[in-house]
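Below are the chains, spelled out letter by letter.
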Amino acid sequence: MPENDTLSTVPISLDGREVQASPGQLLIAAAEEAGVYIPRFCWHPRLRPVAMCRMCLVEVEGMRGLQPACYVPVKEGMEVRTQTPLVKKVQEGVLEFLLLNHPLDCPVCDRGGECPLQDHTMSFGPGESRFVEEKRHFEKPVPINNLVLLDRERCIQCARCTRFASDVAGDPLLEFASRGNDLQVTVFPDEPFSSYFSGNVVQICPVGALTSIPYRFKARPWDVTIAETTCGGCAVGCRGALSETRNRLIRFLGVDNDAVSWGWLCDKGRFAYEYVGSENRLTVPLFREETAAADAFSEVSWAEAVERIAEQIQEVKGAGGNIAAIGGARLTNEEAYSLSKFMRVVCGTNDVDCQLDDGLPADFVAGARNRAVINDFAKASVIVLAGPDLKEELPVLYLRVRDAVVNQGVPLFVIGPPQSGLTDFAKKVFDTPAAFDPVLLPIAGDVVLIVGRQSAAQDAEAQSTWALGLSEQLGERVKLLPILRRSNVHGAIDMGLSPSLLPGRVTVDDLEARERLAQVWEGEFPPDPGRDCREILDAAVEGKIDILFVVGADPLTDFPDPVMARRALERTSFVVVLDLFPSSATRFADVVLPAAGWGEVSGTVTNLEGRVQRVAAKVTAPGQAASDAQVFREIAEHLEVDFGCGTPEATLREIAQVAPAYQGVSLSRFRGKKGKEGVLVGEGRVAPRTSSPFEKDARPLGNGFRLHVGRAFWDRGTLVSECPSLSGLRPGPIVRVHPEDLAFAGITDGSSVRVLDEDPAGRLDLLRTVVADERVPLGTVSVPHNQDEPFVIRVGATVTLERID
Amino acid sequence: MAELVLTRRMLDRPHDSWTLDAYHEMEGYQGLYRAVREMTPEQVHAEVKASGLRGRGGAGFPTGTKWGFVPKDIFPRYLVVNGDEGEPGTFKDRMLMERDPHSLVEGILISCYALQSEHAFIYIRGEMGHAYERVVRAVEEARAVGYVGKDIGGTDFSCEITVHKAAGAYICGEETALLSSLAGYRGWPRLRPPFPAVKGLYDKPTVVNNVETMCNMPWITRRGGAAYAEMGTERSPGTRIFCLSGHVNRPGNYEIELGTTFRELFERWGQGVRNGGRVKAFVPGGASAPWFDASKLDVPLDMDVLGKEGSMLGSGAVMVMDQDADIPRAVWRLVKFFAHESCGQCTPCREGADWLEEILERMLDGHGRPQDLDLLFDVCDNISPGLNWPPAQTTICPLGPSATAPVWSTIRLFPEEYKRLVTGAHTSLASSAPAGAEPAGVTADA
């Protein structure tokens, strides 16, 4: 529910006591704020009220009969009675009714111990049942998809899950069937509840009717400890609560916050905790054995690893060689800051980049003025989305945009990608930014402009240039939201993991910032921008990089040219990889260091709005895995640099001290009610560069198809592949093409095709299964990224399709 | 006896009353022409108000007043005619649709003119295939001669009628459930406000009226509201069709003036109780109504009087039971109906109606316990607190309380019949003869 904007409150009488409430607010919420809990099952603050369970009936003076508190809005002067004998009798009656057919198998139910039905029965129930007849029976439990089981015997028919599916997720695949006493929740025949948000129905189920397969029978509520944290799955930064038992993460639940996620999580965010406990984690530092064959590593101690790296740095620096780092989007702000400081102070270079040439220009991301936050969506006069398919890449952001558009009626323009979760709700869809005409925008009111990279084959600089041009044209009305995908990539850019930026959204040549840094950082680093990821790898291919740190990144998968990335790593004399898992990059490493990751490291992260939120450590990292920050500090101290940053808390204090946009960010600001919403960082002092804009006619010449490469929700990334419950869910190697294009090319849906770059230098040559999708614009071939072996993506590529018989 | 408003044509022309030709010969569509050519919509509305006509669907709300709830300036607006007659013992709308569909069509057109609605929907119960065909045919005939469609009667009034065949759920006779069902959604009653008059079909202002209500409109327009109001009683004017069933010698549909007593209905029209017996109990207004015993035989058929007596005239279904009727068994059968037809939305009705059925079934099966009478009362009370009529309810719509009314009203009237079930003196459900247990079968063509 959108928050009522009005600040004025009116008096109402609640059980004879005068309290203040917002007019229009639902009685059940107003009462709760005033300290009176009215029992409920079907009502959920983020769902449309239906008043079905009848548990919240109260008496309202002047209104006939009992009124559902979840449906009646507050009016000035209304007299509400929640504790009368009639209300209590009805509450007991409803609970007795609900329990008639409930199996009471609490001892074997996942919900037992944290079950609203149990709790309400204890607080409001009649104590015993008078039911001696036979209970209703259903087959139990039945899967509704790969992650969720449905036990209809336990169901109390509150319609929370069905409302979530249709109203919130927009996947109306859960419905009621039959009626009366046979009323049951069901999926459609041969149509599972295929939603990226299916885990939410488990969380909002007020009984144990919906249980998650990954968590099922793993623990009892009294055996777990819980910590609130921020999801690391993508850059949205959903809040959640992490459950741990015996030093294993076993569950992640959404936590409601008004600013970002409203308590929702996507299934990847919800279930990806499994990877943290994967057996494939790196647990000891590894060194390549010089004599042995490739891939032969030997285990070494941390002390030895640190010493060897330090020596190498000393040697390279002495010889005037080059050190560079790519990656860092996985890190917390504090770790990213440590890496940023380490590269500048210890290695004396600006050759750092947390993006793998697959995002947006960092100066655009850090330098955007007049920024939008997620809560601006519903208030905007229009939303313009020029970016990726939010449903696939930033799922909960998709939910928030969808809510603004579908439930609040904000018009939406979508500019690319070919097929998106939001195109169905858009007022109009444009293939390319060049095709969009600002004349279509309403003449007044805020324009929220969400800008991301539509496709890995799209020119990112042209995209940001277009966005800046549109912003300039519309002036102050535009609220800009640059969006990147990887977990803490926005925080990493803010911490200076970009060749042109220093911590705090300032450029490397910003004199004031450099002065301030000089007081804290001991060490020299150049005032000119360093190399970005592509330039680093280019230089590496030419043998010009002597030490390359690859931090929580896999350029062989994510860099658009995996062939070049591989050559770059092969030709770099000393490659240090810090990661959680062996990857294709670790195969080319000289040193592999086991890192501690999400759930194991505390600190802060910054989401795509620039909202700083805390992450919590709930389990200890496996084996000898350690925080990246600790690694950089130890190497620095081995080189006799007084690095500081001994703890995340100390690092955050230093960030607040030296990073302009992070001034005033401190742990104390995360406490209390307001702190739940995180802390928004200030605007930067970065003037985004512009380049040549898109060509007006973006359609490729010749017979080729325009290549679109977007991310799919389920891919081969660590978050998915290292989770037993998720690894089977990816769609696999497919390409999507408009059915008319397929018909014209004489290719049948579901057959095998070869996708070839028209430019032989492009080296793209893929074998894929073709899927007809009418949402893909004509003349486009859409290839989901990271479903199979990586392939070369050329910006602006045009491709041909060949049928394989 | 006042003249027959609703059933005259089917009595006069038993073999073709449903055809346009026959209808034309019996003043057919004169009311419509009078309305659209000689009256303003406001004047038609005023006549309906003056007639005092009260809705014939069950609630008995004054029709003219209901029309007045439609916001003045919101268009389009719809008239939806409720032909989802499903209340056990009720079979009058089916007869009207089968035998006199043109009076329904004419009534709809007149009402649409008064409401300034250009589209009406007739929602017909799925089981009534014959009625559906007759109504579809009538609409087609009326369209062919220009009563339905553009510029009716040479005026600028246009009106379309869509006939919808429902899928046979009793709950869809509840007006908001009907609107949901008609719009393609699950047939569940909606929360009010908003009321249908403000936000109904497709979220537009909508008036929902019963078939019989509509069939009165041609007469009222032709003869005037004042003439209509002269029939019947002051607060319940006009005539009504009563569906008389059960243990009478001549069950059937009877159009009689309101104000007649039940005794007269049973003796004059029903030709007395079968086999010379006596009335033990009767249901005065459809399966949802609390029952009466013989002491209420001289109560007049008047909506307000029945309300004061603790029941209702409802849909006009009167079911008579003689001295041999097994009251708990008959009640069980009605409760079984309501449990089966509960939509399942609200907990008390979904769970409670079924539980009532199971308790009664267990008692009838010879497993009654002394505490079961209190239990029945209390379960009813948890669905309909206070056990009064008109009922308080813990549910969204009145189906829940309806399921309780036969139970608590008969336990109060005939406690000994229930006590017999808890002392073990009763034969089992399986072995006892079903004869007489249910209201006797009656046909609409009686």
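Residues numbered from 1 in each chain as written. Chains lettered and ligands numbered in written order. Predicted model: local features only at pLDDT ≥ 70, side-chain atom pairs only at ≥ 80, totals over all residues. Heavy atoms only, no water.

On to the overall build of chain A, then. Within chain A, the regular secondary structure consists of 22 helices and 36 strands. Whereas a compact globule of 805 residues would reach a radius of gyration of roughly 28 Å, chain A reaches 28 Å, a difference of no more than 12%. Over its C-alpha atoms, taken along the principal directions, chain A stretches across nearly 85 × 65 × 55 Å. Of all intrachain contacts in chain A linking residues separated by at least 6 positions in sequence, the fraction that spans at least 24 positions is 70%. (Helix = DSSP H or I, 4+ residues; strand = E, 2+ residues; numbered from the N terminus. Rg over C-alpha atoms; globule rule 2.2 N^0.38 Å. Contact = heavy atoms within 4.5 Å.)

Here the focus is the packing of helix H14 (residues 511-520) of chain A against helix H19 (residues 648-658) of chain A. Residue and element names in this part refer to chain A. Contact geometry for H14 and H19: axes closest at 9 Å, N-to-C directions at 145°. Together, Arg516, Leu517 and Val520 of H14 and Glu654, Gln657 and Val658 of H19 make up the contact between the two elements. For the contact of H14 with H19, the residue count by class is three nonpolar, one polar and two charged. (Axes fitted to C-alpha atoms, helices over the stretch in contact; angles between N-to-C directions. Nonpolar A, V, L, I, M, F, W, Y, C, P; charged D, E, K, R; others polar.)

Turning our eyes to something else, we now look at the confidence of the model for chain B. Residues and elements named next belong to chain B. Looking at chain B as a whole, the pLDDT averages 93, with 94% of positions reaching at least 70. Here residues 427-446 is a poorly scored stretch, pLDDT under 50, and it has 31 contacts once near neighbours within four places are set aside; other chains count. Interface confidence in the predicted complex, given as ipTM, is 0.92; pTM for the same model is 0.94. (pLDDT = per-residue confidence, 0-100.)

Residues and elements named next belong to chain A. Counting through the fold element by element, His785 comes out in strand S35 (residues 780-785). Residue class for His785 comes out buried when judged on its relative accessible area of 6%. Residue contacts for His785: discarding those within four places in its chain leaves Thr557, Asp558, Val709, Gly710, Arg711, Asp715 and Ile793. (Buried < 20%, exposed > 50% of the residue type's maximum accessible area, 1.4 Å probe, protein only.)

A common measure of how large an interface is: the accessible area buried when the components associate. Residue and element names in this part refer to chain B. Domains assigned within chain B are domain 1 (8-229), domain 2 (239-322) and domain 3 (328-432). If you look at the interface, domain 2 gives 14 residues, while domain 3 gives 14 residues. When residues of domain 2 are sorted by the area they lose upon contact with domain 3, Ala287, Ser288 and Trp291 head the list and together hold 49% of the total. Put simply, domain 2 and domain 3 have one salt bridge between them. Glu417 is the salt-bridge partner of Lys280, the closest N and O atoms lying 2.3 Å from each other. There are three residue pairs in polar contact (both at pLDDT 80 or more) connecting domain 2 and domain 3. Contributing elements (two or more residues each) for the side of domain 2 that touches domain 3: strand S7 (279-283) and strand S8 (292-293). Here the residues of the side of domain 2 that touches domain 3 are counted per class, giving eight nonpolar, four polar and two charged. (Domains from an automatic or database assignment. Buried area = accessible area lost by both parts, 1.4 Å probe. Salt bridge = Lys/Arg side-chain N within 4 Å of Asp/Glu carboxyl O. Polar contact = N/O pair within 3.5 Å; in protein donor to acceptor, adjacent residues only side chain to side chain.)

A word on the packing of helix H15 (residues 327-341) of chain B against helix H16 (residues 347-367) of chain B. All names here are of chain B. Relative orientation of the contacting elements H15 and H16 amounts to 150°, with a least axis distance of 8 Å. Between H15 and H16, the angle falls in the class roughly antiparallel. Crossing handedness for the pair H15 and H16: left-handed. Contacts between H15 and H16 involve Pro328, Arg329, Val331, Trp332, Val335, Lys336 and Ala339 on the former and, on the latter, Ala353, Asp354, Leu356, Glu357, Leu360, Glu361 and Leu364. Looking at the contact of H15 with H16 residue by residue, the class counts come to nine nonpolar, no polar and five charged. (Parallel < 35°, antiparallel > 145°, perpendicular 65-115°, else oblique. Left-handed = near helix turned anticlockwise from the far one by under 90°.)

This next bit is on the sheet that holds strand S10 (residues 210-212) of chain A. All names here are of chain A. Pairing is antiparallel in the open sheet, where three strands are placed in the order S6-S7-S10. A single partner strand is all that each edge strand has here, and the edge strands are strand S6 (142-143) and S10. Here three bridges tie strand S7 (residues 148-150) to S10, and the two strands are oriented antiparallel to one another. Bridge pairing in S10 places Leu149 opposite Thr211. (Pairing = 2+ DSSP bridges.)

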